[in-house]
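Spelled out, the chains give:
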Amino acid sequence: MAETKIKSKKKSTKKIDVFKEHGVSPKLALDMIRNMLLYRRFEEKVEEAYAIGKIGGFCHLHIGQEGACVGSIKPLRDDDYVMSAYREHTQAIAKGVEPNAVMAELYGRADGASGGKGGSMHIFNAATRFMGGHGIVGGQVPLATGIAWKIKYRKEDSVVIVYMGDAAVNQGAFHEALNMAAVWELPAIYVVENNGYGMGTAFSRVSKTDMASKAVPHGIPSSSVDGQDVLATYAHFRDLAEEVRGGGGPRFVDLKTYRFRGHSMSDPVSGTYRPTAEVEKKKEENDPITILRDHLFVAGHMDQEGLEAMDAEARQISQGAADFAEASPLPDPSQLYANVWAEINANGRLFFDGRGEE
Amino acid sequence: MATLTYRDALNEALREEMARDPDVFMMGEEVAQYDGAYKVSKGLLEEFGDMRMVDSPISELGFTGLCVGAAMAGLRPVVEFMTFNFAFLAIDQVINSAAKMHYMSEGQFPMPLVFRGPTGAALQLSAQHSQACETYYSHAPGCKVVTPATPADAKGLLKASIRDEDPVAFMEGELLYNLKGEVPEDDDFIIPLGVADLKHEGGDVSIITHGKMVHVALQAAGNLEKDGIHADVLDLRTIRPLDMDAILATVAKTNRVVYLEEGWPYAGTGAQIVSMIQEEAFDHLDAPILRVTQADIPMPYAKNLENLAKPNADRVVAACLKVLYR
């Protein structure tokens, strides 16, 4: 689990104004690399904490997919909704959840985003409209469609983005939800974070057709974008969000990315399903952080010193989150039965183990 | 009081709650233009429009998940399952999403929604369309289960379920829709969840039951009266929350219990009730508790076999006589 090196080894010679091309100001681009660095360092801290037993259960890291995360969430408004599957730690932070609250949730502490009851796969934050954190592949897709239904029902102009892994498109839930979203023209953006593998199964082994075709039968406009290119991803989602917000109906995006770690903490980086050389090559050539860094260096918007300062800040926030989580108390045992029910009825028994109503 | 069918009582409850709260909407197969497969939602489309009475595709998993998501976002959906047999396709969204969301988000997302439709056997619909499904839902903490037996209970309990802040599986009886009964006309007529109802009073034996089987129990109680045996018929009305006080009261009174249910015996509702009675009222029992259930088989089609599989008044009477050692 070597941590990512951010020192630039090569200088690009080409000079294209990629920022202008994508309508991204230098200030915004700097903000994006700051975010990506934080998410990388945050997940590296999670990896470290998991290794020493501070974090338990299933834990899926987003390392390598930061460009997909930042580029797609950054264009959203505060009143837009984000929902995801279980590789969602940094998506939560991107939507505005405090890193401390995310880390404390991973540690199973009282100050966690879900009070320590959800864990890695179930981070929720109603205030920032981060709608979880769902653990059944594809299960979140109908849920997000229901959020889009509410937006239309109340005649609001927000949108919902729902993320899923590439394996989710083979679930019935995915197709049922997309069909309804299309028929009812709901303001939802369905995003496949396509890292090429559903756990250890390459997408090509479980699908005869390619990803971009998956929404076509439902009459939903489909597009692809390279999630390792955060600028292109940002521009793509900025435009999509406005189309959907304007009543354009749902959209489907094949957001191509790659994970630099195993499916979860319980499996190795490459394993038996992909060669180590493939992962190494992707890390060398397709790291969203180094791609943006090189653009910023070439354009003169940032230098090595600035990058290192930013990286130091990312490490500091991540370490701070770990320290916060460590200091946060365990959930009080009195909370064991709290919030099973939103309404404890005045009559009748709701718990049947002889303990819940003590 | 008005005399209404069970169907019209449900319809009134829906109409009143939709008029009362603009966040209540209903979605399901054939609920709007067709007026509902069992005509429970008749006329509601004209009154409330197509955003609030929504014909879904035949996608139980999809539209159930959609309604769970809408509840997360603040609406109060009523999901109609044409029958609960089809709801197996949706049970991931009921159990993994609706029942757990409030807990795993530490209270950030209440789930005020109702899953309603008929459950249990009708007439010769055979295995896939004849089964009582309440146990699947009452098993999961986070999901309430309601089983009305009369038109008044149907109306009062549906209104309470729609106003409840938790997911409620509201399980009707297909053969009850034409049943007539007196129903209070007050718009705020509510029967709170968790209150059982003693539908017939007698001191010799307790028949405890829920849902459609209440009528079988009443028939059995009538037959027992002819032999001078007086039975309590306790209708639980809601399985979760469960009115344990009412159960303990009837047990203390009669000391002999028969549990009657439409579902299968293994881990059925009756198994739960029997377990609780022996834990909490052992000293009141004068005989082992017996259960009358559907035969432990998938429902057969042939009329004679179907009749042999279903619980009936004769079997309840026999069980009562047995616990009375007669």
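Definitions and cut-offs
- Residues numbered from 1 in each chain as written.
- Chains lettered and ligands numbered in written order.
- Predicted model: local features only at pLDDT ≥ 70, side-chain atom pairs only at ≥ 80, totals over all residues.
- Helix = DSSP H or I, 4+ residues; strand = E, 2+ residues; numbered from the N terminus.
- Rg over C-alpha atoms; globule rule 2.2 N^0.38 Å.
- Buried ≥ 20, exposed ≤ 12 C-beta atoms within 10 Å, placed from the backbone.
- Contact = placed C-beta atoms within 7 Å.
- Domains from an automatic or database assignment.
- Nonpolar A, V, L, I, M, F, W, Y, C, P; charged D, E, K, R; others polar.
- Axes fitted to C-alpha atoms, helices over the stretch in contact; angles between N-to-C directions.
- Parallel < 35°, antiparallel > 145°, perpendicular 65-115°, else oblique.
- Left-handed = near helix turned anticlockwise from the far one by under 90°.
- Pairing = 2+ DSSP bridges.
- Expected span 1.5 Å × (residues − 1).
- Right-handed = clockwise from strand over helix to strand, strands pointing away.

Let's talk about the overall build of chain A
Next up, step 1: Helix and strand counts for chain A stand at 12 helices and eight strands.
Next up, step 2: For 358 residues, the compact-globule estimate of 2.2 N^0.38 gives 21 Å, and chain A sits close to it at 21 Å.
Next up, step 3: Seen along its three principal axes, the alpha-carbon backbone of chain A occupies a region of about 75 × 50 × 40 Å.
Next up, step 4: Across the 358 residues in chain A, those meeting the buried criterion constitute 52%.
Next up, step 5: Sequence-distant contacts in chain A: of pairs separated by 6 or more residues, those separated by 24 or more amount to 75%.

A look at the overall build of chain B
Next up, step 1: Counting secondary structure elements, chain B contains 11 helices and 14 strands.
Next up, step 2: Along the longest, intermediate and shortest principal axes, the C-alpha atoms of chain B span 60 × 45 × 40 Å.
Next up, step 3: Among the 326 residues that make up chain B, the fraction classed as buried is 58%.
Next up, step 4: Considering only contacts within chain B whose residues lie at least 6 apart along the sequence, 79% involve residues at least 24 apart.

So, the domain arrangement of chain B
Residue and element names in this part refer to chain B.
Next up, step 1: Taken domain by domain, chain B consists of domain 1 (2-183) and domain 2 (197-323).
Next up, step 2: Each side of the interface is counted separately: domain 1 has 23 residues, and domain 2 has 25 residues.
Next up, step 3: Taken together, the elements giving at least two residues each to the side of domain 1 that touches domain 2 come down to α5 (134-138), β6 (144-146), α6 (151-163) and β7 (168-173).
Next up, step 4: For the side of domain 1 that touches domain 2, a count of residues per class yields 11 nonpolar, nine polar and three charged.

Brief notes about helix α4 (residues 91-104) of chain B
Next up, step 1: A large share of α4 of chain B lies buried, amounting to 10 of its 14 residues.
Next up, step 2: Residues of α4 of chain B that are buried: Gln93, Val94, Ser97, Ala98, Ala99, Lys100, Met101, His102, Tyr103 and Met104 of chain B.
Next up, step 3: Contact partners of the buried residues in α4 of chain B: α6 (140-153) of chain A together with α3 (60-72), β5 (114-119) and α5 of chain B.
Next up, step 4: Positioned one or two residues after α4 of chain B, Glu106 of chain B has a phi angle of 50°, which is positive.

Some words on the packing of α6 of chain A against helix α7 (residues 172-183) of chain A
Residue and element names in this part refer to chain A.
Next up, step 1: It is at 8 Å that the axes of α6 and α7 come closest, and there the two elements cross at 20°. By the angle class used here, α6 and α7 are roughly parallel. Note on packing geometry: the crossing formed by α6 with α7 is left-handed. Contacts between α6 and α7 pair Val141, Pro142, Thr145 and Ala148 from the former with Ala173, Phe174, Glu176, Ala177, Met180 and Ala181 from the latter.

Focus on the sheet that holds strand β4 (residues 188-194) of chain A
Residue and element names in this part refer to chain A.
Next up, step 1: Spatial strand order, β2-β1-β3-β4-β8-β7: six strands in an open sheet with parallel pairing. Every other strand in the sheet has two partners, leaving β2 (130-133) and β7 (222-226) as the edge strands with one partner each. Taken pair by pair, the neighbouring strands of this sheet meet at an average axis angle of 20°, ignoring direction.
Next up, step 2: The pairing of strand β3 (residues 160-165) with β4 spans six bridges and is parallel. Within the sheet, the bridge partner assigned to Val160 lies in β4 and is Ala188.

Thoughts on helix α11 (residues 288-299) of chain A
Residues and elements named next belong to chain A.
Next up, step 1: With 12 residues, α11 extends 17 Å from end C-alpha to end C-alpha; this agrees with the ideal 16 Å at 1.5 Å per step.
Next up, step 2: Those residues of α11 that are buried lie in contact with α1 (18-21), α2 (26-51), α3 (66-73), α9 (230-248) and α12 (304-327).
Next up, step 3: Backbone geometry just downstream of α11 places Gly300 in the positive-phi region, at approximately 80°.

Structural notes on the interface of chain B and chain A
Next up, step 1: The interface is formed by 46 residues belonging to chain B together with 37 residues belonging to chain A.
Next up, step 2: Elements represented by at least two residues in the side of chain B that touches chain A include exactly α3, α4 and β12 (238-240) of chain B.
Next up, step 3: For the side of chain B that touches chain A, the element with the most residues is α3 of chain B, which contributes 10 residues.

So, the sheet that holds β7 of chain B
Residues and elements named next belong to chain B.
Next up, step 1: Across the sheet, which stays open at both edges, the seven strands sit in the order β3-β2-β4-β5-β7-β6-β12 with mixed pairing between neighbours. Two strands bound the open sheet, and with one partner strand each, they are β3 (53-55) and β12. In this sheet, adjacent strand axes meet at a mean angle of 20° when their direction is disregarded.

Structural notes on the packing of α3 of chain B against α4 of chain B
Each packed pair of helices is defined by two parameters, the angle between the axes and the distance between the axes.
Residue and element names in this part refer to chain B.
Next up, step 1: Contact geometry for α3 and α4: axes closest at 9 Å, N-to-C directions at 10°. Between α3 and α4, the angle is such that the two are roughly parallel. Of α4, the residues touching α3 (which contributes Leu61, Thr64, Gly65, Val68 and Met72) are Asp92, Gln93, Val94, Ser97, Ala98 and Met101.
Next up, step 2: Looking at side-chain class alone, the contact of α3 with α4 contains six nonpolar, four polar and one charged residues.

Some points on unusual backbone geometry
Residues and elements named next belong to chain B.
Next up, step 1: Following Arg240, the chain continues to Pro241 via a peptide bond in cis, the omega torsion being 5°.
Next up, step 2: For Pro241, the position within the fold is in the loop between β12 and α8 (244-254).
Next up, step 3: Of note in the backbone geometry, Asn255 takes a positive phi value of approximately 65° without being a glycine.
Next up, step 4: Since 19 C-beta atoms lie within 10 Å of it, Asn255 is described here as partly exposed.

Considerations on the environment of Asp164 of chain B
Next up, step 1: Relative to the helices and strands, Asp164 of chain B is located in the loop between α6 and β7.
Next up, step 2: When the 24 C-beta atoms within 10 Å are taken as the criterion, Asp164 of chain B is described as buried.
Next up, step 3: Taking the C-alpha atoms as reference points, Asp164 of chain B and Met111 of chain B, separated by 53 residues in sequence, lie 9.1 Å from one another.
Next up, step 4: Those residues in contact with Asp164 of chain B, other than ones at most four positions away along the chain, are Glu343 of chain A together with Pro112, Lys144 and Leu193 of chain B.

Side note on the pairing of β4 of chain A
Each regular strand carries side chains that alternate between the two faces of the sheet.
Residue and element names in this part refer to chain A.
Next up, step 1: Counting buried positions over the seven residues of β4 gives seven, a clear majority of the element.
Next up, step 2: Between β3 and its parallel partner β4, the chain crosses via α7, and the hand of that crossover is right-handed.
Next up, step 3: As paired elements, β4 and strand β8 (residues 251-256) share six bridges and run parallel to each other. By the bridge assignment for β8, Glu193 is matched with Leu255.

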